[in-house]
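Survey of secondary and tertiary structure
The lines below spell out each chain.
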Amino acid sequence: MKLAGNVNKILYGGDYNPEQWPKEIWNEDMRLLTQAGVDVVSVNIFSWASLQKSDDVYDFSVLDEIINTVSTAGMKICLATSTAAHPAWMARKHPEILRVNTDGSKRKFGNRHNSCPNSSVYRLYAGKLARKLAQRYGKLENIVAWHISNEYGGYCYCDKCQDAFREWLKKRYKTLEALNEAWNTSFWGHNYHDWEDIVSPSHLGPEWGHHRPSTTCQIQSIDYRRFYSDSVLDCFLVEANALKEVVPHIPVTTNLMGTFWDLDYFKWGKHMDFIAWDNYPWPNCPYTRIAMNHALMRGCGDGKPFSLMEQTPSVTNWQPYNTLKRPGVMRLWSYQAVAHGSDTVMFFQMRRSRGCCEKFHGAIIDHCGHGNTRVFREVTQLGDELKKLGDSFLGSRFDSKAAVLYDWDNWWATTLSSGPTTDMNYPEEVYRYYEALAKQNYSVDIIGIDTSLDNYKILFAPLLYMVKPGYADKLKAFVNGGGILITTYFSGLADDRDLCTLEGYPGELRSLCGLWVEETDVLLPGKANGFVIGDGVLKGTWKAELLCDIIHPEGAQVVAAYESDFYAGTPVLCRNNFGKGQVWYFGARPQVELLDLFTKMICDESNVQPVFPVTEGIEATRRVKNGKEFTFVLNHNDTGTEVVIPFACCDLLSDKKFAANERFTIPVAGVLILA
Ligand code: GLA
Ligand code: ZN
């Protein structure tokens, strides 16, 4: 991550919305925020209505004053472009910018993320505003990055989007014949003879259901998601290009949201100068699930450091149950982000709003208006620590030998799939495999289809349902060269058109896995098949859950067989030698305890070591810079926990020196940064 200007520490701060307050308060904000150690603010996030009063009347006077105030206080700025919520007059005058819902109803003014990304008026005005901001503020030395729009997402089903969808399809398929083939349109007589007949897959057409969308034509619905992610990315690029044309040296970003359904962040990452993301875990979210989001975001930026752009200092307002972050947890989760590659710690927001739907959202400065609060004290302590840490590990990266594949097309395809079971939840399935590695303190990356496999020894590719062109060859080369590939049930079934393989499942992966899957059984909720492994590291009696592939080995070695049902005695877990490497195939979902043993076994076999000894609830990661290693150790337990520190080192936070194999009790929510 390369920020503009002189940045020599982990930047600390976040969203600052002084436009919601009388000016008399701003100086008090600066005093309190400086006291808390804040040195970067994201400003101008939702100010379009004040910046542009009509088609050609712009007014930057308030923003000038805000920028002047924060600059005088010595703060750096992440300058937003304000385009995530259009002004009311614009909606009245140019109703085409208003989105259309999936039920065909046209939206009215109100809310944010409410503009149609394919509206030329919206794009024109968004680009124009970005350019004006760049021209006016681009020379300021304290701008570290552009923050384009805010948390892009959502869909629109207006006619302009439908037209753009047709254009996108023409580019992808070139001819109607190709589209008809890809979409298998002879099914239910959906054949197209004219591009104009193709519609957006809304609830007026092939889709229904909100929480888990259903569709009669999976590929039409998948293509709409692909198209939509691209459309919104085009909007981002309209602004990014305008900014870059004026000030090429200031990096552009926008705040992403982890496992967020709407946008293919691996595609987005290629166009962002660095990844930024907003971390809002639900109460009781396992620390490894938060870790997975961090790893995914890092992966979308090709492993480079990213920015934790938002988190709450204390509480959210928009979840069903908004519990307080317990004392120390804000600090712990801030360091967790840093431990996974963030080079900033930022919050939403600096001062708590007085009205509207975020008035009960946590902030550094609460409604009481002073710094004598638990939250303010915790924020200040962390601010002091980040000053002390300086640039010691800024820019450092991971050096993982294990990776887990995440792929939006596969998420969309497995979720939109009609059958075999509605219990298939792609992010949570991927999480099972990620968790097994992360919990045991193996350094693990989450990577996309395009990520190079050169540096990895182990790759988990669960639910690799859709095998995109060239990917089977990439996997073959990886395994041939000695890599260990682990794949599972519901893999190798379709190509990128969602057309099923006719070569026998798992299709293109069949020779790699050394087996043929003839049928797949579904287990009812709470039901399981099982298998016994008689000896070795995996010895035990294990459950087989979710899906049960009925497998014929074709060269693969059978490690375990089902114990019940009509397919009792047939393989459930197989291992195939391929070139210098190996492929493991889980025909059914393994229980967590088996995965723990399994991941340890293959890591041992590949000589991949954990970065820190395993203790329950103790998370460890490693960042590396110029050959120097920084091991982060975090206590997520609700009691102090003793660990053995295996190497001689120094904790950068406390300056405490440790001898090799020294015992140490990490307090509740405690953190060590061992250099
Ligand atoms: C998101 C948005 C912010 C704010 C926070 C509240 O992350 O980007 O503007 O609404 O949620 O949690
Ligand atoms: Zn639209």
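Here is a short report on the structure shown in this document. (Residues numbered from 1 in each chain as written. Chains lettered and ligands numbered in written order. Predicted model: local features only at pLDDT ≥ 70, side-chain atom pairs only at ≥ 80, totals over all residues. Heavy atoms only, no water.)

1. Overview of the overall build of the chain
- Across its full length, the chain holds 17 helices and 31 strands.
- Relative to the compact-globule value of 26 Å for 675 residues, the chain shows a C-alpha radius of gyration of 26 Å, a close match.
- Along the three orthogonal principal directions, the C-alpha set of the chain runs to about 75 × 75 × 40 Å.
- Within the chain, the proportion of its 675 residues that are buried is 62%.
- Taken together, the 69 basic and 79 acidic charged side chains of the chain have centroids lying 6 Å from each other. (Helix = DSSP H or I, 4+ residues; strand = E, 2+ residues; numbered from the N terminus. Rg over C-alpha atoms; globule rule 2.2 N^0.38 Å. Buried < 20%, exposed > 50% of the residue type's maximum accessible area, 1.4 Å probe, protein only. Lys, Arg positive; Asp, Glu negative; His and termini not counted. Charge placed at Lys NZ, Arg CZ, Asp CG, Glu CD.)

2. Considerations on the pairing of strand β25 (residues 618-625)
- Burial analysis of β25 places 6 of its 8 residues in the buried class, the great majority of the element.
- When β25 meets strand β26 (residues 628-635), the two strands line up antiparallel, connected through 8 bridges. Following the sheet pairing, V624 is matched in β26 by E629.
- The hairpin turn running from β25 into β26, its antiparallel successor, is 2 residues long, and N626 in that turn takes a positive phi close to 45°. (Pairing = 2+ DSSP bridges.)

3. Structural notes on the nonpolar core
- Counting residues in hydrophobic clusters, the biggest one holds 178 residues, and the most contacted among them are W146, W183, F236, Y406, Y434 and F598.
- The element contributing the most residues to this core is helix α8 (residues 218-246), with 13 residues.
- Dropping the residues within four chain positions of it, W146 is found in contact with L79, L133, A134, G138, L243, V247, I250, P251, V252 and T253. (Core = buried A, V, L, I, M, F, W, Y, C linked by side-chain atoms within 4.5 Å. Contact = heavy atoms within 4.5 Å.)

4. With respect to the packing of helix α14 (residues 426-439) against helix α17 (residues 592-605)
- Two elements in contact, α14 and α17, have axes whose closest approach is 9 Å; the angle formed by their N-to-C orientations is 60°. Judged by the angle between their axes, α14 and α17 are oblique. Here α14 runs over α17; the crossing is right-handed. Between α14, through R432, Y433, E435, A436, L437 and K439, and α17, the contact on the second element is made entirely by V592, L595, D596, T599 and C603. (Axes fitted to C-alpha atoms, helices over the stretch in contact; angles between N-to-C directions. Parallel < 35°, antiparallel > 145°, perpendicular 65-115°, else oblique. Left-handed = near helix turned anticlockwise from the far one by under 90°.)

5. Side note on the coordination of the zinc ion (ligand 2)
- On the protein side, the zinc ion (ligand 2) has C116 (SG), C156 (SG), C158 (SG) and C161 (SG) as donor atoms, found 2.2 to 2.3 Å from it.
- Here the zinc ion (ligand 2) binds 4 donor atoms, and the angle range of 96 to 121° at the metal identifies the geometry as tetrahedral.
- Each donor residue of the zinc ion (ligand 2) belongs to the same chain, with the gaps between them written as C-x39-C-x1-C-x2-C. One end of the pair, C116, is in the loop between α4 (88-93) and α5 (120-137); the other, C161, is in helix α6 (residues 159-173), and 45 residues separate them in sequence.
- Look at C116 and you get buried, because its relative accessible area is 0%.
- Of the residues examined, C161 reaches a relative accessible area of 0% and is grouped as buried. (Donors = N, O, S within 2.8 Å, 3.2 Å for Na, K, Ca; no water. Tetrahedral: all angles 85-135°; square planar, octahedral: opposite > 155°, others 65-115°.)

6. Quick word on the site of ligand 1
- Around ligand 1, the neighbouring residues are F46, R112, N150, E151, N255, D278, Y280, E310, W318, F348, E358 and H361.
- Between an oxygen atom of ligand 1 and a side-chain N or O atom of R112, the distance comes to 2.8 Å.
- Here an oxygen atom of ligand 1 and a side-chain polar atom of E151 are 2.6 Å apart.
- Protein coverage of the free-state accessible area of ligand 1, which is 310 Å², stands at 97%.
- Within the shell around ligand 1, the residues separate by chemical class into 4 nonpolar, 3 polar and 5 charged. (Near = heavy atom within 4 Å. Polar contact = N/O pair within 3.5 Å; in protein donor to acceptor, adjacent residues only side chain to side chain. Areas by Shrake-Rupley, 256 points an atom, 1.4 Å probe, with all protein chains shown as cover. Nonpolar A, V, L, I, M, F, W, Y, C, P; charged D, E, K, R; others polar.)

7. Let's talk about the side chain of H361
- For H361, the location among the structural elements is in the loop between β13 (342-348) and α12 (374-389).
- Assessed through its relative accessible area of 2%, H361 is described here as buried.
- Residues within four places of H361 in sequence aside, it is in contact with Y280, T312, V315, T316, N317, W318, F348 and R352.

8. Structural notes on the sheet that holds strand β1 (residues 11-15)
- If you trace the 9 strands from one edge of the open sheet to the other, you get β9-β6-β5-β2-β1-β13-β12-β11-β10, paired in parallel fashion. Of all the strands in the sheet, the pair left with one neighbour each is β9 (252-253) and β10 (255-256).
- On top of the sheet, α12 reaches β1 and β13; it is set at about 140° to β1, its chief contact.

9. Considering the packing of aromatic side chains
- By the definition in use, this model includes 38 aromatic pairs.
- Ring centres of W89 and Y125 lie 6.3 Å apart, and the angle between their planes is 80°; on these two criteria the pair is classed as edge-to-face. Remark: Y125 occurs in helix α5 and W89 occurs in helix α4; sequence separation between them is 36 residues.
- With relative accessibility at 12%, the residue W89 sits in the buried group.
- Residue class for Y125 comes out buried when judged on its relative accessible area of 8%.
- For the pair F393 and F632, a centre-to-centre distance of 5.2 Å together with 80° between the ring planes defines the contact as edge-to-face. Of this pair, F393 sits in the loop between α12 and β14 (402-405) while F632 is found in strand β26, placing the two residues 239 residues apart along the sequence. (Phe/Tyr/Trp six-rings, centres within 6.5 Å; stacked < 30°, edge-to-face > 60°.)

10. Comments concerning the pattern of salt bridges
- With the rule as written, the count across this model stands at 43 salt bridges.
- A salt bridge links R112 to E358, with the shortest nitrogen-to-oxygen separation between them at 3.9 Å. Residue R112 is located in the loop between α4 and α5, and its partner E358 is located in the loop between β13 and α12; the two are separated by 246 residues in the primary sequence.
- A salt bridge links D495 to R497, with the shortest nitrogen-to-oxygen separation between them at 2.9 Å.
- Shared partners join several salt bridges into a network, and the residues in it are R172, D223, R226, D407, D409, K468 and D496. (Salt bridge = Lys/Arg side-chain N within 4 Å of Asp/Glu carboxyl O.)

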